[in-house]
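Notes for the structure review
Single-letter residue listing:
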Amino acid sequence: MTRNHEAQVFDAVVVGAGFSGLYMLHRLRELGYSVRVYEAGEDVGGTWYWNRYPGARCDIESIYYNYTFSEELRNEWTWSSRYAEQPEILRYINFVADKLDLRRDIQFKTRITSATFNEKNKNWDIQTGEGNTITAKYFITALGCLSASNMPNFKGMDRFKGELYHTGKWPHEKVDFTGKKVGIIGTGSSGIQAIPVIAQEAEHLTVFQRTPQFSAPAENHSYDPEFLQKVKENYHEIKQQMIASMHGVPSFPRDKSALKDSPEERQRVFEEAWDKGGLFTLMYTYNDIGFVKEANDTVAEFVRSKIAQTVENPEVAEMLLPTYYYGTKRPIIDTNYFQTYNRKNVTLVDIKSDPIDELTSKGLRTKESEYEFDALVFATGFDAITGPFFKMDIRGKDGISLKEKWAEGADLKTYLGIATAGFPNMFMITGPQSPSVLSNMLVSIEQHVEWIADCIEYLRENNLETIEAIPEAEVAWSQQCKIIAEMSLATKTDSWYMGANIEGKPRGFMAFLGGVGLYRQICDDVAAKEYEGFSVTTSSKIVPKKRNKINLEGTVMTKLDPQAKYLLDQMAAAGGPAMETLIPEEARLSADFSAMAGIPEEVGKVEDRRIPGPGGEIPVRIYTPEGEGPFPALVYYHGGGWVIGNLDTVEVPCRLLTNRANCVVISVDYRLAPEHKFPAAAEDAYSAVQWVVDNASSIGVDSARVAVGGDSAGGNLAAVVALMAKDKGGPSISYQMLIYPVTNHNYDTQSYKDNAEGYFLTKSTMEWFWNHYLRNEEDGKNPYASPLLAEDVSGLPPALVITGGFDPLRDEGEAYAEKLKAAGVAVEATRYDGMIHGFFWLPGMLLQGDKAIHQAANALREAFSSVETA
Ligand code: N01
């Protein structure tokens with residue numbers, strides 16, 4: 001690509017010159033790319049350029065709220081206090097811009113109005129407000145999540161004749177409130193920072209509050225030079241903790257439930273956190289505050305009691321008591337916020353009970369009163385996260401606009417929050433569905449910038465022209481974001497995270513809530529797998545060379561998958577008794593994981609039926625794909641150790657298999673133990689497949705192409721049915737799909753030793769399952785219970801065997817695959833290294849679960865296509 005500024009052609013265009021845009025420029029320029037940054041403001045700084053309101057300061061400790069990529073920058077800068085004020089942060093940004101000589105590649109006072117992907121040239125055509133067109137191979141948004149300010153649409157907005165300000169667009173010159181009557185609307189982080197400062201200056205300040213907020217003292221103080229020196233010396237270690245953390249600061253939630261401490265001990269813990277100050281200090285006192293209502297109530301009540309103690313007028317105190325779940329809006333830290341209401345020149349107005357009706361020339365009118373001001377301050381926040389994207393007209397392939405694609409936010413879909421399908425070569429720094437606003441932004445920004453730069457380098461090294469998220473990958477990612485958020489209390493509160501602060505904005509949690517550490521591992525894993533989930537194109541004939549494989553030794557591939565780890569951590573935090581301590585009826589009720597399975601996909605038809613079985617009728621659920629049959633069929637047996645599980649457990653994978661393998665799936669609700677011991681389940685499983693073959697035409701199935709499959713105990717039943725069919729001379733089975741199957745009543749394998757505990761399915765639970773299933777030890781030796789003990793497995797149908805690295809059943813599944821292979825059976829065996837038991841029915845939470853379902857569907861399709869139709 002030409003490096004010619006006159007022709008306005010660049011390798012990359014970056015929109016925004018805040019922290020993210022500046023680092024992106026530096027990083028790409030260092031790698032030799034031509035880059036142009038466009039910035040609407042007159043100078044660098046982004047959010048810190050615009051938000052100059054009185055009291056504006058950082059809520060992340062200064063020592064963590066800076067770039068970490070350059071030791072030189074770090075050593076040449078010294079922060080004055082724990083929470084730096086806006087002017088100091090802006091000075092820091094200017095220092096970086098000067099030091100790295102960034103301004104020469106930034107065009108200020110220029111707003112980008114549109115960006116369109118040119119399918120012919122595979123470039124982005126980017127338009128400025130002045131009507132200039134720029135061409136770039138890569139279009140990178142560095143917009144900031146909180147840059148589109150929210151101005152409420154009160155009646156008579158233009159009537160007010162006094163001074164009018166928005167905290168997010170504050171004038172550059174000092175605003176002097178001395179001797180003035182001031183009104184302020186909004187009590188979020190901005191309002192809470194501004195109110196105590198304005199109150200000191202103004203003759204009178206009236207605060208219009210819609211929602212009372214939780215806020216805790218920041219405990220700001222000047223930094224001690226010795227402390228700063230120590231931080232500099234240990235920065236490498238501190239950084240490692242930051243990037244592996246939940247929120248990008250080097251501290252972690254305490255590994256204890258709030259409900260496990262006595263009220264006295266809890267009070268002590270909360271008091272200590274209160275005195276310490278800090279954004280996440282109260283959140284981190286216990287590990288279930290963000291997830292368990294009762295745990296959250298304890299800290300919420302504590303903060304309410306502090307507010308009540310601080311505010312002298314009980315009526316005012318009562319108005320200031322928040323009722324939402326603590327931490328489900330961005331936590332706020334303040335300096336003398338609640339104390340401000342003890343001042344004589346401050347009045348609080350509750351606009352929930354007395355809403356603002358309109359602005360007047362002299363002030364505003366609520367339903368019940370009228371107020372006059374010299375100045376009115378809107379601290380009403382932002383159209384967060386998606387708002388800045390919708391201010392531009394961004395169009396991808398086929399002219400689709402981003403706004404249309406995301407249905408104005410109602411159908412937000414990204415892959416990793418970095419890319420979105422249909423928009424090749426577009427990257428979003430701290431985009432929707434990434435941790436962004438839930439974290440120390442600097443950590444998230446650096447991670448994204450480095451990931452994007454690496455990705456661009458990968459494209460260059462491999463002569464690739466475009467990269468684009470695959471639709472399936474972004475559907476899976478978006479679902480995971482939703483599901484993880486749903487596991488928390490965050491979605492139970494109206495907040496700007498949910499889009500609830502903007503009238504008419506669709507509701508939905510817009511960020512990834514799994515933490516920056518987990519998120520980074522997922523992104524690194526995607527990159528290490530040659531950008532899995534992305535598709536690439538090349539224009540040249542040169543065969544893409546494979547990038548030097550990133551060494552995965554000791555990283556995610558040989559470790560527990562980060563998403564699986566997150567899931568395990570959440571389950572541990574949620575507590576609950578071990579399954580083997582329950583009676584089967586309780587275990588069946590407690591084992592509902594359907595919320596984590598994902599959103600059930602539409603299929604052509606779903607029908608619940610009862611079919612005859614050896615012990616009475618067997619309920620089955622028949623999923624039929626769209627289109628004309630007859631279809632091949634998969635008879636599916638759910639897992640659950642023959643004791644728990646039902647048709648609902650596997651609703652999501654069954655639907656996905658129906659669509660992806662284009663086959664009818666018959667899910668079988670076989671009899672469960674201990675009410676019905678061995679061989680009841682196996683007999684039901686066999687008779688179900690016989691029924692499917694006998695009644696094929698009535699359910700739109702081709703009787704010659706019937707496969708069996710299942711997971712865990714269901715995988716056992718599928719393998720057993722294949723054995724039975726061989727022994728009994730029918731029915732003919734085309735394929736066996738065995739997902740981490742139980743194949744042997746024996747606990748001596750290495751995987752039982754390695755994974756006995758801590759990975760969801762435990763050895764004790766397996767013993768409990770087997771003990772309920774078998775009538776006696778002898779049953780365990782029966783190949784219809786332990787197919788690995790079958791004498792002869794030759795002539796069995798070809799098989800897919802999927803196992804998980806962290807599953808106690810791993811080795812017995814793999815041993816069965818080996819046994820089949822040795823007997824001449826065609827076998828595709830895949831171990832998902834980082835996976836735990838159960839991942840096949842959790843595609844909503846685990847990308848690898850979704851991938852395994854894809855693999856199974858492809859294997860089924862292939863198997864069906866190799867069999868002659870009946
Ligand atoms: O905005 P907000 P913010 N009528 O949306 C009220 C970051 N930040 O600018 O809660 C009446 O939180 C609204 O009421 P309600 C930080 O991430 C960081 O304060 O929607 N009132 C609320 O009280 C923060 O979370 C720092 O019922 C209306 C207020 O206005 C984010 O920016 C400093 C209204 C808006 O609060 C946003 O904070 C500042 C209406 N029509 C900000 N519309 C640091 O410390 C809105 N409100 C680094």
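On a predicted model such as this, the values are computed, not experimentally measured, just so you know. In this numbering scheme, every chain counts its residues from 1 along its sequence in written order. Per-residue local features are limited, in this predicted model, to residues with pLDDT of at least 70; the limit for side-chain atom pairs, both in listing and counting, is 80 or more; totals at the level of whole chains, interfaces and linings are taken over all residues. Just so you know, side-chain values use all the structure's heavy atoms and leave hydrogens and water out.

Being near a molecule or strand, for a residue, comes down to having at least one heavy atom within 4 Å of it. Taken together, 26 residues sit near the ligand, with Thr187, Ser190, Arg210, Thr211 and Lys329 positioned nearest. Residue aspartate 59 places a main-chain N or O atom 3.5 Å away from an oxygen atom belonging to the ligand. Pairing of N or O atoms within 3.5 Å defines a polar contact, subject to two protein rules: one partner must be a possible hydrogen donor and the other a possible acceptor, and residues neighboring in sequence count only if both atoms are side-chain atoms. Within the contact set of the ligand, an oxygen atom lies 3.0 Å away from a side-chain nitrogen or oxygen of glutamine 193. Each accessible area value is a Shrake-Rupley result obtained with a 1.4 Å probe; residue values ignore everything except the protein chains displayed when judging cover. Expressed as a share of its isolated accessible area of 910 Å², the protein-covered part of the ligand is 89%. Numbering of helices and strands runs from the N terminus, with a helix taken as a DSSP run of H or I at least four residues long and a strand as a DSSP run of E at least two residues long. Sort the elements by how many residues they give to the shell around the ligand and helix H5 (residues 189–201) lands first, with 3 residues. Residues were grouped as follows: Ala, Val, Leu, Ile, Met, Phe, Trp, Tyr, Cys and Pro as nonpolar; Asp, Glu, Lys and Arg as charged; and all remaining residues, including Gly, as polar. For the shell around the ligand, the class distribution of residues is 11 nonpolar, 10 polar and 5 charged.

On to the packing of aromatic side chains, then. Each Phe, Tyr or Trp ring, with Trp reduced to its six-membered ring, pairs with another whose centre is within 6.5 Å; inter-plane angles below 30 degrees give stacked pairs, above 60 give edge-to-face pairs, and intermediate values give tilted ones. Scanning the entire structure with this criterion turns up 55 aromatic pairs. Centroid distance phenylalanine 208 to phenylalanine 373: 5.9 Å. Interplanar angle 90°. Geometry classified as edge-to-face. Taken together, the residues span a long stretch of sequence, with phenylalanine 208 in strand S9 (residues 204–209) and phenylalanine 373 in the loop between strand S15 (370–372) and strand S16 (375–378) at a distance of 165 residues. Take phenylalanine 208: its relative accessible area is 0%, and that puts it in the buried class. Look at phenylalanine 270 and tyrosine 286: their rings are 5.7 Å apart centre to centre, the planes differ by 85°, and that puts the pair in the edge-to-face class. Of the two residues, phenylalanine 270 is situated in helix H8 (residues 263–276) and tyrosine 286 in the loop between H8 and helix H9 (293–310); the sequence distance between them amounts to 16 residues. Summary of the burial criterion: residues with accessible area below 20% of their type's maximum are buried, those above 50% are exposed, and those between are partly exposed, where the area comes from a 1.4 Å probe applied to protein chains only. Phenylalanine 270 sits in the buried class, given a relative accessible area of 2%.

Read across the sheet, 8 strands follow the order S21-S22-S24-S23-S25-S26-S27-S28 without closing on themselves; strand pairing throughout is mixed. Of all the strands in the sheet, just strand S21 (605–611) and strand S28 (827–836) have a single pairing partner and so form its edges. Adjacent strand axes in the sheet meet at a mean angle of 20°, parallel and antiparallel pairs treated alike. Note on pairing: two strands pair once DSSP finds at least 2 bridges between them. Bridge analysis of strand S23 (residues 631–637) against strand S24 (residues 664–668) gives 5 bridges, and the strand direction is parallel. Bridged to alanine 633 within S24 is valine 664. For this analysis, residues touch if any pair of their heavy atoms sits within 4.5 Å. All axes are obtained by fitting lines to C-alpha atoms, using only the stretch in contact for helices, and the reported angles, taken between N-to-C directions, cover 0 to 180 degrees. Packed on one face of the sheet, helix H22 (residues 713–728) meets S23, strand S25 (701–711) and strand S26 (735–739) and runs near 140° to S25.

To continue, consider the environment of aspartate 297. Checked against the element boundaries, aspartate 297 lands in helix H9. Along the primary structure aspartate 297 and tyrosine 324 are separated by 27 residues, whereas in three dimensions their C-alpha atoms are 9.5 Å apart.

Right, let's get into the pattern of salt bridges. Salt bridges are identified by distance alone: a Lys or Arg side-chain nitrogen within 4 Å of an Asp or Glu carboxyl oxygen. One pass over the structure, following the stated rule, counts 53 salt bridges. Between aspartate 59 and arginine 330 there is a salt bridge, with its nearest N and O atoms 2.9 Å apart. One end of the pair, aspartate 59, is in the loop between helix H2 (47–50) and helix H3 (71–76); the other, arginine 330, is in the loop between helix H10 (314–319) and strand S11 (332–334), with 271 residues separating them in the sequence. On the basis of relative accessible area, aspartate 59 is assigned to the buried category, the value being 17%. Across the pair glutamate 370 and arginine 365 runs a salt bridge whose closest N-O atoms are separated by 3.2 Å.

Along a regular strand, successive side chains alternate from one face of the sheet to the other. The buried fraction of S26 amounts to 5 of the 5 residues, a majority that puts the element mostly inside the structure. A two-sided burial pattern is seen for S26, the buried positions comprising Tyr735, Met737 and Ile739 on one face and Gln736 and Leu738 on the other. Pairing of S25 with S26 involves 5 bridges; the strand directions are parallel. Within S26, the position partnered with glycine 710 by the bridge is leucine 738. Classification remark: right-handed applies to a crossover when, strands pointing away from the viewer, the course from the first strand over the helix to the second runs clockwise. What joins S25 to S26 is H22, and the crossover it makes is right-handed. Sheet analysis places S26 next to strand S27 (residues 799–806), joined by 4 bridges and oriented parallel. Paired with glutamine 736 across the strands is alanine 799, a residue of S27.

For strand S1 (residues 9–15), the buried fraction is high: 7 of the 7 residues fall into the buried class. In terms of strand pairing, S1 meets strand S6 (residues 133–141) through 6 bridges, oriented parallel. The residue bridging alanine 12 from the neighbouring strand is tyrosine 138, located in S6. With 4 bridges joining them, S1 and strand S2 (residues 35–38) adopt parallel strand pairing. Across the sheet, valine 15 pairs through a bridge with tyrosine 38, a residue of S2. Crossover S1 to S2 through helix H1 (residues 19–30) is right-handed.

UniProt positions are given in the numbering used here, feature names are shortened, and annotations may be inferred rather than shown by experiment. The positions that UniProt labels "domain: Alpha/beta hydrolase fold-3" (unreviewed entry) are, in the present scheme, residues 634–840. For residues 634–840, the helix share is 34%, the strand share is 21%, and the end-to-end C-alpha distance is 16 Å.

Assignment of secondary structure puts tryptophan 770 in helix H24 (residues 763–773). Assessed through its relative accessible area of 1%, tryptophan 770 is described here as buried. Sequence spacing of tryptophan 770 and alanine 673 is 97 residues, and the spatial spacing of their C-alpha atoms is 9.3 Å. Discounting residues that sit within four places of it in the chain, tryptophan 770 has contacts with Trp642, Val742, Asn744, His745, Tyr747, Ala785 and Ser786.

For the rest of this paragraph, the subject is the nonpolar core. Counting 293 residues, the largest nonpolar core has Ile140, Leu416, Trp451, Tyr637 and Leu657 as the members making the most contacts within it. At 12 residues, helix H14 (residues 441–461) tops the list of elements feeding residues into this core. Every residue in contact with leucine 657, bar those within four places of it in the chain, is listed here: Leu634, Tyr636, Asn662, Cys663, Val665, Met737, Phe840, Ile853, Ala856, Ala857 and Leu860. Of all hydrophobic cores here, the second largest spans 13 residues; its members include Phe154, Phe160, Val349 and Leu376. Only buried Ala, Val, Leu, Ile, Met, Phe, Trp, Tyr and Cys residues count toward a nonpolar core, and they belong to the same one when joined by side-chain atoms within 4.5 Å.

Our focus in this paragraph is helix H4 (residues 86–99). Given a helix with a known number of residues, its expected span is that number minus one, times 1.5 Å. Helix length check: H4 (14 residues) gives 20 Å between terminal C-alpha atoms against 20 Å at 1.5 Å per residue, within 8%. A large share of H4 lies buried, amounting to 10 of its 14 residues. Inspection of H4 places Gln86, Glu88, Ile89, Leu90, Tyr92, Ile93, Asn94, Phe95, Val96 and Ala97 among the buried residues, and these make up the whole buried set. Tucked into the core, H4 has its buried residues touching H1, H2 and H3.

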